Amino acid sequence: MVWIALGAVLIALTVAVLVADGPLRGEVDYILWWQGFGTPVPEFADFIRATTGTEGNLLIGIVPAIWLVRRHGRRGAAAVAIVLVAMLIVQPVSKELVDRERPDEQQVDVRAEHSSLSYPSGHSLSTAAVWGSAALLAWRTGRRRWAVVCAVPIVCTGVSSAIHGVHWPSDAVAGTIVGLGAAWIAVGLLPVDGAPEA
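Values in this document were obtained by computation on a predicted structure and should not be read as measured data.

K.L.:
An account of the environment of V28 is needed here, citing residue identities and associated values.
P.N.:
Structurally, V28 can be placed in helix α2 (residues 27-35). With relative accessibility at 22%, the residue V28 sits in the partly exposed group. Residues V28 and P103 lie 75 residues apart in sequence; the distance between their C-alpha atoms is 8.5 Å. Residues contacting V28, with those up to four places away along its chain left out, are P23, Q107, V108 and W168.

K.L.:
Now, about helix α3 (residues 41-51): what can you tell me, with residues and values included?
P.N.:
Among the residues of α3, A45, I48 and R49 are the ones counted as buried. What you see down the axis of α3 is that its buried residues fit within an arc of 95°, all on one side. Along α3, exposed side chains directed more than 90 degrees from the buried face belong to F47 and A50. Lining the buried residues of α3 we find α5 (122-140) and α6 (144-164).

K.L.:
Before we move on, can you summarise the nonpolar core with the specific residues and values?
P.N.:
One finds V83 and M87 to be the most contacted residues of the largest nonpolar core, which totals 13 residues. Among the elements of the structure, α4 (54-98), α5 and α7 (169-188) are those that each provide at least two residues to this core. Setting aside residues up to four positions removed in sequence, M87 forms contacts with T54, N57, L58, P92, L125, S126, A129 and V130. Of all hydrophobic cores here, the second largest spans eleven residues; its members include W34, V110, A162 and W168.

K.L.:
Give a description of a negative patch on the surface that names residues and reports values.
P.N.:
Judged by side-chain charge, E96, D99, E101, D104 and E105 come together as a negatively charged surface patch. Relative to the assigned elements, E96 resides in helix α4.

K.L.:
Can you explain the pattern of salt bridges? Please cite residues and give values.
P.N.:
In this structure the tally under the stated criterion is three salt bridges. Of the charged contacts in the structure, one is a salt bridge between R100 and E27, with a shortest N-O distance of 2.9 Å. Of this pair, R100 sits in the loop between α4 and α5 while E27 sits in helix α2, placing them 73 residues apart in sequence. The exposure class of R100 is buried, given its relative accessible area of 5%. When its relative accessible area of 5% is taken as the criterion, E27 is described as buried. The network of salt bridges with shared partners includes E27, R100 and D171.

K.L.:
Quick rundown of unusual backbone geometry? Include the residues and the values.
P.N.:
The peptide bond linking T39 to P40 adopts the cis configuration, its omega dihedral lying at 10°. The topology assignment puts P40 in the loop between α2 and α3. For the peptide bond that leads from Y119 to P120, omega is 0°, which places it in the cis range. Its location among the elements puts P120 in the loop between α4 and α5. Despite not being glycine, D99 has its phi angle at roughly 55°, a positive value. Mapping D99 onto the fold places it in the loop between α4 and α5.

What counts and how
Residues numbered from 1 in each chain as written. Predicted model: local features only at pLDDT ≥ 70, side-chain atom pairs only at ≥ 80, totals over all residues. Heavy atoms only, no water. Helix = DSSP H or I, 4+ residues; strand = E, 2+ residues; numbered from the N terminus. Buried < 20%, exposed > 50% of the residue type's maximum accessible area, 1.4 Å probe, protein only. Contact = heavy atoms within 4.5 Å. Arc of directions from axis to C-beta. Core = buried A, V, L, I, M, F, W, Y, C linked by side-chain atoms within 4.5 Å. Patch = residues over 30% accessible without salt bridge, like charges linked within 9 Å, V, L, I, M, F, W, Y side chains within 5 Å. Areas by Shrake-Rupley, 256 points an atom, 1.4 Å probe, with all protein chains shown as cover. Salt bridge = Lys/Arg side-chain N within 4 Å of Asp/Glu carboxyl O. Lys, Arg positive; Asp, Glu negative; His and termini not counted. Charge placed at Lys NZ, Arg CZ, Asp CG, Glu CD.

The analysis is restricted to geometry; functional conclusions fall outside its scope.
Here it is, written out as structure tokens:
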């Protein structure tokens, strides 16, 4: 039921973004509110942005990906492939299809460089796919505290995008939903009891 609701939110956001010419209602104010915070918030956002892009998440995910493949064989490889497809194919193709411009200096204080379109946020999608997989796997195996710890970067990434003025909040929400969807599918491919595949 949760995934039906999240899918509906994703569809509604995408339609709203395609229909709107510019930011959705309240998005500029949301970004400006976050940008009003002083030290240490901007510095924390710099750290988050530097570590949660697609490249950073690929680096973070190398060792767990190897472990999943070694432990679960084909199922582990399929789980890793789902996350990689979301990060490396779904994200850039979605950006081109939606063709949404990023916030500009006339709307907010743009504090970071960017080289792609806005919707969905690649940082949010990649972080939700990698860290969301870790959180879901930890939750499923009874490691609830670790699941919460693994979810922290997902939340921080969306906030960081606002602080930097490089994404609209709807970009971050859409990226997070797609990334978590990929994580859910990937973790769902793995054996429930955690036993290695024969």
